Each structure stands twice: as C-alpha cells, then as structure tokens.
Number of protein chains: 2
Amino acid sequence: MGADRNVTPRKPALWITGKKEIFERVQTARLLNHTIRLVPTMGNLHEGHASLCRQAAEETSFVIATIFVNPIQFGPKEDFAAYPRTPEEDRELCARSGVDLIFAPNVETMYPADSCTRVQVSETEKPLCGRHRPGHFIGVATVLSKLFHLIPADIAFFGLKDYQQCLVIERMVEDLDFPLKIRKCPIVREPDGLAMSSRNRYLNPEERGQAVILKRSLDLATRLLQQGERDAGRLRQAMIDEIASAPLGRLDYAEILDAQSLASIDRVDRSAVAALAVHFGKARLIDNALLNPM
Amino acid sequence: MGADRNVTPRKPALWITGKKEIFERVQTARLLNHTIRLVPTMGNLHEGHASLCRQAAEETSFVIATIFVNPIQFGPKEDFAAYPRTPEEDRELCARSGVDLIFAPNVETMYPADSCTRVQVSETEKPLCGRHRPGHFIGVATVLSKLFHLIPADIAFFGLKDYQQCLVIERMVEDLDFPLKIRKCPIVREPDGLAMSSRNRYLNPEERGQAVILKRSLDLATRLLQQGERDAGRLRQAMIDEIASAPLGRLDYAEILDAQSLASIDRVDRSAVAALAVHFGKARLIDNALLNPM
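Residues numbered from 1 in each chain as written. Chains lettered and ligands numbered in written order. Predicted model: local features only at pLDDT ≥ 70, side-chain atom pairs only at ≥ 80, totals over all residues.

Caption draft 1: Structural context of the overall build of chain A. Per the secondary structure count, chain A includes ten helices and ten strands. Computed over its C-alpha atoms, the radius of gyration of chain A comes to 19 Å, within 12% of the 19 Å expected for a compact globule of 294 residues. Each of the three principal axes of chain A carries a C-alpha extent, and together these read 55 × 40 × 40 Å. Across the 294 residues of chain A, 43% fall into the buried class. Sequence separation of at least 24 residues holds for 73% of the intrachain contacts in chain A that already meet a minimum separation of 6. (Helix = DSSP H or I, 4+ residues; strand = E, 2+ residues; numbered from the N terminus. Rg over C-alpha atoms; globule rule 2.2 N^0.38 Å. Buried ≥ 20, exposed ≤ 12 C-beta atoms within 10 Å, placed from the backbone. Contact = placed C-beta atoms within 7 Å.)

Laid out in structure tokens, this is it:
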C-alpha cells in the first residue's frame, strides 16, 4: 500500500464503483495511518495524469484516482457522449503510476434522479471558461464536493493546465472549509510543447501539427513581457495575432488577467496569467502561462 | 465529556470562536471514541433548542452546539441586525442541556471578504419560505456545509418547526454525500400551543395572545382531514379563514404540499404537510403539521 513506488508495472489498482465501498476503504486506509491522496480525473489518462499520480505517491500515502466523466460539467452542445473512455488503459497507467485504488462510479450512482444540489463559486467562475462554458464550473465544484466527501483525502492533486479550475477549487475549499489541501501541479507537455489533454485525440494530423500554436502564443507573450512590454492589451493582441497564423485554429478566448483574482488588468505589474482557448476541428484546447514581471 | 447527562446546572460549556480550534477539538473527541453530535443554532436558545441538545446528549456522545446568526440567510429587509443575541443565557442553557462545547464564530471568521461560494438545493427550496425569502435556503445550505466541514459530526440535530429547512438539509446531505446523518426532532410548544421560536420575543402581549392561531389553524386542518376531507384546496382555505380570525395576523403563506417532495397536491391521499407563515407585528412566525390520511 503505497510503499513500493517505482514505475515498473505491478498488479492492477483496485477498481471500485460503489460509494459505500470507497468510503469504507478510505476509512480503513486512514486507520492504518496512511495519508489519503486523491487524483480526480475524467479518465482517458495521459502522462499529465500519470505525473499527478506519481506526485501523490509517497511512502506513507494511499493514492486514489477517480475516473468519472461528469455529465453536469458539459454543456448541452459539448462532447460528453464523445469524450474518450478507456478504462483498460487507464487501469494500467494507474498501476504503473503508484495508484492504490480507482473509484469509477457510474452516472446514476453520482446523480440519482432527485439530486438537485449544486455548488457555485460565483466570482472565480466568471471569466474565461466560466463565461464560454456556462455552468461548467458549477458542475466541477459540485462533483468535487461529492468526491471530497466520499473520499476524505488529505491532499487532492490537480493539473495547472486547467488553471481556472484550480482557482475555483481552491476558492471552494477555502470558502466551505473543506478539510483538505489542494496541490497544483505543473503542466505536462508533448515534445513540441502542446499541453497534454484527453481532447488532443480529437485532432487530425493537420490540426495536431498546428495545435502547437497555443504554446507558441504563450511563449511570445512571455518573451514580450521579458522585453519590457507591460500593456495587457498589446500582449493579448500579440497572442491573438499569433493564433491567427494557424489557419485551422478558431480562437475562443485569449486573456491576460490577475493571476489570483482573475480580474481584468490593463498592465502586468504583478503576477498575471495568460490564458487561451482555441478550437481545432472538434477539439477545444486550453493552455496558459504565468506572467511574472521582474 | 458527555458522561453526566442530567438537567442540573453544571460548569459552563467550553466557548470557542476559532475554526482551527473547533476542528482540533472535534478530532480529539473522535480519537477518544466519542460520537460527535452537532446542534446548529442561531442562538437566543429556548426550550426547543434545549430539547435538541438533550436528545443529542447520550452517554458516549460529545455534543457541540453552534451559535451563529448567519447573515447570508437573511434578506436585505429582514431582521439580521435585530435578531436577538443572548450569549450568557445561551451558555447557561447549553450547560444544563448536556452540551460539551459551543462554537460561536464571528461573521468575519465565517465569511472573509473574498468568500463567494454558495450551495443551492434547487428543487426543495422552491416553495414556501424559499419563494417568500429568496436566497434564504442558499444561506442555510452554505453555512451548514461549512459547519459540517469544521465539525465533522456523526449526527446533526434539527427541529421540525423549520420543516422545509429539514428537507433542504437532508437533500443537500444526500446529494453531496456528506458523511453524516440528520435527526429531525419534534416541535416544542408553549403551553397554549405556540411553537417555540426566538422570534416570539418580538411579539407584544396582544400579538402573543393571537399568535396561537397558527397552531389552531393546523389543528383545524388535521381535524377536517380526520373527518374525511381530502381536498387540499378546501383544507387550505379553512386554514386561511382560521388565520383571518386573528386581526393582528397577516398571512404570508398557507400551503398543503407533498410531505417529501413539497410538490403541490390537489388531494391529501398520502403524507402531506400543512405549512404556515404569518406575520404578527415585527415577527414572522412559521409552523407546520404533518397530515397523514388513514
């Protein structure tokens, strides 16, 4: 249980679908003095997820990955039905990444017919994906409230690719006094710079080739900042122009916001985040970079 | 610690205002194998609250009462500022009702300036007080989410005078998988039948005399049901007419709804609830009765 942490394949992680069983397993692990570490995912795991799991897997920890494609965080025209589901591969990746147990409930378990409670992080959810995907973060905050209760963890791990999601979750945990810590982990990228994402598999080869423009656009903003540019509008326009150089890309948003509050800023005088969402064919890709003026 | 459970006065219950301290105290009590029992209140405690505390106080239990006048469950024109605050008397009542510890945070502790997360139980909150006090149950659900995290209890106790509140809380606990049980406790009444409430102290003697009309109206509906009346509209009208016989009363609502879903019903063919809200001067009083057809 969390002792042998290497990357060689080992026996598959335990696969649990019931609420009662997962709760009891966690209680048992806690009684055995393990710290409980949670990696919530929607499955179709890639090296970004594996990186989260490996960071969670320390000597005394009991690592639980959840795999649940959460319907209420998808809009009616979004890709809930098409979202890739690869349980066998996920289980293997978990096994070689230090996961002890996988919780993979079905939709009826998580949302019985009369379920009607929602959690909303009203300020943090407003800009970026919150504006472009109405209701998305209500779905995220609600499902995580449930998972944090079913799996009373000490630390939950999230990837910084979903930057706004990280802030929404941190805000929720602080506002509602959840007794757990949030660990935000660095973005994991393909060799050419594209941020790892389950949605990358929607890309055809031509789209895949051009999708690196998100990272290039963020790198451009970082470079301009280093050269002294502080005007948020000009930095943003430079990102937009860079994205436009990829003919298959359709910009959803490009913003430069305060890194903590996500408030609009005119100048980058303190830590800011450059955040992008760009459609390529069926895929909507997001990426971001912190902009720290010296 | 929960051992000596009689109604004679004893030393005052511990009074705690900080989040960290309350959480640690609860962890300690849990390590000592106490079951944690929570009685959330807004203070100005009366025999209704005392009854909840006494029901919570069993041999192995550690009883925590919370006293917090929760600003976000009051509307802008409601009585947040005027709501009675009687900490000394509350402490004495707790001491003689088996309470081990009182958690009484201030508003800034519970709602720092950047706090923005809210919990909404959308269906259950719609009728009755939810319609007449917009946002009220969002405030209730949010503060209880926080208290349930700060004080990870096994059971939380609530009075059935706030019938809809009980349903909202039960729904929230089930929907969000909170690991605690809700115990709904009978309404405690004055000798003439008026349901105990902190707001009764707003009544002048004349209003106090007439306020018994709520209970009489509910008794009338119960009697008519026993006599065979099943038509919800006629039962409701009988309640309204009865309330009208108290000249100082101003009806807020009188409803007969499904006892579980709070859906509108035409006939009382299964368990229903008769629910009333009536203004007397500055006081808005609520009361209810279950209607069970034989």
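Caption draft 2: Region of the structure containing the sheet that holds strand β10 (residues 283-291) of chain A. All names here are of chain A. The three strands lie next to each other as β8-β9-β10, forming an open sheet whose pairing is antiparallel. The open sheet has two free edges, formed respectively by β8 (249-258) and β10, since each of these has just one partner strand. Recorded for the sheet is a direction-independent mean angle of 15 degrees between the axes of neighbouring strands. As judged from the nine bridges shared by β8 and strand β9 (residues 272-280), these two strands associate in the antiparallel manner. Paired with Arg250 across the strands is His279, a residue of β9. The strands touched by helix α9 (residues 213-226) within the sheet are β8, β9 and β10, with β10 carrying the most contacts at an inclination of about 20 degrees. Where helix α10 (residues 232-244) meets the sheet, its contacts fall on β8 and β9, and the angle it forms with β8 comes to roughly 160 degrees. (Pairing = 2+ DSSP bridges. Axes fitted to C-alpha atoms, helices over the stretch in contact; angles between N-to-C directions.)

Caption draft 3: The relation of the copies chain B and chain A, seen in detail. Take chain B, turn it by 180 degrees, move it 0.0 Å along the axis, and it overlays chain A with an RMSD of 0.0 Å. On the angle and the small slide along the axis, the relation comes out as a two-fold axis. Closest approach to the rotation axis among the C-alpha atoms of chain B is made by Val119(B), whose C-alpha sits 2.3 Å away. Looking at the interface residues of chain B, 100% of them are also at the interface in chain A, so both copies use one shared face. (Least-squares fit on C-alpha atoms with pLDDT ≥ 70 in both.)

Caption draft 4: Representation of the nonpolar core within the structure. Membership of the largest hydrophobic core comes to 165 residues, with the highest contact counts inside it found for Cys53(A), Ile151(A), Ala274(A), Cys53(B), Ile151(B) and Ala274(B). With residues up to four places along the chain from it excluded, the contact list for Ala274(B) reads Leu218(B), Ala221(B), Met239(B), Ile256(B), Asn288(B), Ala289(B) and Leu291(B). (Core = buried A, V, L, I, M, F, W, Y, C linked by C-beta atoms within 7 Å.)

Caption draft 5: Representation of the sheet that holds strand β3 (residues 61-67) of chain A. Residues and elements named next belong to chain A. With parallel pairing, six strands are arranged side by side in an open sheet as β1-β4-β3-β2-β6-β7. Only two strands of the sheet have a single neighbouring strand rather than two, namely β1 (14-16) and β7 (181-185). Pairs of neighbouring strands in the sheet enclose a mean axial angle of 25 degrees, with direction left out of account. Two elements, strand β2 (residues 35-41) and β3, share seven bridges in a ladder whose sense is parallel. The residue of β3 that forms the bridge with Thr35 is Ser61. Along the sheet, helix α2 (residues 47-56) contacts β2, β3, β6 (155-159) and β7; its crossing angle with β2, the most-contacted strand, is approximately 175 degrees.

Caption draft 6: Focus on the packing of α9(A) against α10(A). All names here are of chain A. As a packed pair, α9 and α10 sit with axes 9 Å apart at the nearest point and diverge in direction by 150 degrees. Taken as axis vectors, α9 and α10 run roughly antiparallel relative to one another. Handedness of the α9/α10 crossing: right-handed. On α10, the residues touching Ile213, Arg216, Ser217, Leu220, Ala221, Leu224 and Leu225 of α9 are Leu235, Ala238, Met239, Glu242 and Ile243. A class-by-class count of the residues in the contact of α9 with α10 yields nine nonpolar, one polar and two charged. (Parallel < 35°, antiparallel > 145°, perpendicular 65-115°, else oblique. Left-handed = near helix turned anticlockwise from the far one by under 90°. Nonpolar A, V, L, I, M, F, W, Y, C, P; charged D, E, K, R; others polar.)

Caption draft 7: Structural context of the pairing of strand β5 (residues 117-121) of chain B. Among the five residues that make up β5(B), five are buried, leaving the element largely enclosed by the rest of the structure. The alternating pattern of β5(B) places Thr117(B), Val119(B) and Val121(B) and Arg118(B) and Gln120(B) on opposite faces, both of which are buried. The pairing of strand β5 (residues 117-121) of chain A with β5(B) spans five bridges and is antiparallel. Across the sheet, the residue bridging to Val119(A) is Val119(B), located in β5(B).

Caption draft 8: Examining helix α3 (residues 87-95) of chain A more closely. Residues and elements named next belong to chain A. Buried residues of α3: Asp90, Arg91, Leu93 and Cys94, and no others. Buried residues of α3, seen end-on, are gathered within an arc of 165 degrees and therefore sit on one face of the element. Contacts made by the buried residues of α3 are with β1, α2, β3 and β4 (101-103). (Arc of directions from axis to C-beta.)

Caption draft 9: Structural detail: the environment of Gly130(A). Residue and element names in this part refer to chain A. Relative to the helices and strands, Gly130 resides in helix α5 (residues 128-132). For the pair Gly130 and Glu207, spaced 77 residues apart in sequence, the C-alpha to C-alpha distance is 25 Å. Once you skip the residues sitting within four places of it in the chain, Gly130 turns out to touch Glu125, His136, Phe137 and Gln164.

Caption draft 10: Fine view of unusual backbone geometry. Residue and element names in this part refer to chain A. Positive phi, normally seen in glycine, also occurs at Asn44, with a value near 50 degrees. Position of Asn44 among the secondary structure elements: in the loop between β2 and α2. The phi torsion at Asp177 lies on the positive side, around 60 degrees, for a residue other than glycine. Along the polypeptide, Asp177 turns up in the loop between α7 (163-175) and β7.

Caption draft 11: Looking closely at the domain arrangement of chain A. Residue and element names in this part refer to chain A. Per the domain assignment, the segments making up chain A are domain 1 (14-185) and domain 2 (198-289). Here the C-alpha centroids of domain 1 and domain 2 sit 26 Å apart. Contacts between the two partners involve 13 residues from domain 1, matched on the other side by 13 residues from domain 2. Those elements that provide at least two residues to the side of domain 1 that touches domain 2 are α5 and α7. Class assignment for the residues of the side of domain 1 that touches domain 2 results in seven nonpolar, five polar and one charged. (Domains from an automatic or database assignment.)

Caption draft 12: Inspection of the interface of chain B and chain A at higher detail. Contacts between the two partners involve 23 residues from chain B and, on the opposite side, 23 residues from chain A. The set of elements that each furnish at least two residues to the side of chain B that touches chain A consists of α1 (19-31), β5, α6 (136-150) and α7 (163-175) of chain B. For the side of chain B that touches chain A, the element with the most residues is β5(B), which contributes five residues. Class assignment for the residues of the side of chain B that touches chain A results in nine nonpolar, seven polar and seven charged.

Caption draft 13: Structural view of helix α1 (residues 19-31) of chain A. Residues and elements named next belong to chain A. The terminal C-alpha atoms of α1, which comprises 13 residues, lie 19 Å apart, in line with the 18 Å expected from a rise of 1.5 Å per residue. Along α1, the residues that are buried comprise Ile22, Val26 and Ala29. End-on view of α1: buried residues confined to an arc of 60 degrees, all on one side of the axis. Among the exposed residues of α1, those pointing more than 90 degrees away from its buried face are Lys20, Glu24, Thr28 and Leu31. In this fold, the buried residues of α1 make contact with β1, β2, β3, β4 and α6 (136-150). Positive phi appears at Asn33, one or two residues downstream of α1, with a value of about 65 degrees. (Expected span 1.5 Å × (residues − 1).)

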